[in-house]
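# Per-entry structural report
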Amino acid sequence: MPKKGVFTICAAIQAILFLLVGAFWFIPIGLVIGGVVCDFLVMGRKEISMKSMMVAYALFSAIFAFSAICPIKFLQSAFVGANGENNIAPEYIDGMLNITSVPMLVVIVAAGLVGGSDWRRHRPESVEETLYQG
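To start, this report covers the structure provided alongside it.

### Topic: the environment of V107
For V107, the position within the fold is in helix α6 (residues 102–117). Using a relative accessible area of 48% as the deciding quantity, one classes V107 as partly exposed. Considering only alpha carbons, one finds V107 and A65, 42 residues apart in sequence, at a separation of 10.0 Å.

Shown next as structure tokens:
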């Protein structure tokens, strides 16, 4: 049976790793908020099912995708300034700004939702048996 708190623990570990590799602060904060929100969604149910975990994971994936792309668009001047100070090529900066338009942000979040919810198609059948072993 799936356990409670798994999203928060996973998000905290990922957030620490992202901070260690120097990721922009918005990503770890988004991960932790997403993990807590998804855990509350799952814990609000009497019995945790694989379907509820799958829906929560899809939401977690979408929140992660949003937190990874959102700063480039909404904190654009900080992004350009930080990359300019680190001698990043102007072509790269322009390319990142072009692919993070608002419509593309919607597409990326939707891809996170679809990718997070499509796990059954790409897993071996023995995974479900392994998950339910005592």
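Anyway, onward from the coordinates.
### Details of the packing of aromatic side chains
Counted under the stated rule, the structure contains four aromatic pairs. Taking the centre distance of 5.7 Å and the plane angle of 45° together, the rings of F18 and F64 count as tilted. Here F18 is found in helix α1 (residues 6–20), whereas its partner F64 is found in helix α3 (residues 50–74), with 46 residues between them in sequence. Between Y57 and F60 the ring centres are 6.5 Å apart and the planes differ by 35°, which places this aromatic pair in the tilted class. Of this pair, Y57 and F60 are both found in helix α3, three residues apart, which corresponds to roughly one turn of the helix.

### Section: the packing of α1 against α3
It is at 12 Å that the axes of α1 and α3 come closest, and there the two elements cross at 25°. Between α1 and α3, the angle is such that the two are roughly parallel. In the crossing of α1 with α3, the sense of the turn from one axis to the other is right-handed. On α3, the residues touching V6, F7, A11, Q14 and F18 of α1 are M53, A56, Y57, F60 and F64. Class assignment of the residues belonging to the contact of α1 with α3 gives a composition of nine nonpolar, one polar and no charged.

About the thresholds
Residues numbered from 1 in each chain as written. Predicted model: local features only at pLDDT ≥ 70, side-chain atom pairs only at ≥ 80, totals over all residues. Heavy atoms only, no water. Helix = DSSP H or I, 4+ residues; strand = E, 2+ residues; numbered from the N terminus. Buried < 20%, exposed > 50% of the residue type's maximum accessible area, 1.4 Å probe, protein only. Phe/Tyr/Trp six-rings, centres within 6.5 Å; stacked < 30°, edge-to-face > 60°. Axes fitted to C-alpha atoms, helices over the stretch in contact; angles between N-to-C directions. Parallel < 35°, antiparallel > 145°, perpendicular 65-115°, else oblique. Left-handed = near helix turned anticlockwise from the far one by under 90°. Contact = heavy atoms within 4.5 Å. Nonpolar A, V, L, I, M, F, W, Y, C, P; charged D, E, K, R; others polar.

So, to be careful, I would describe these as geometric facts and stop short of saying anything about function.
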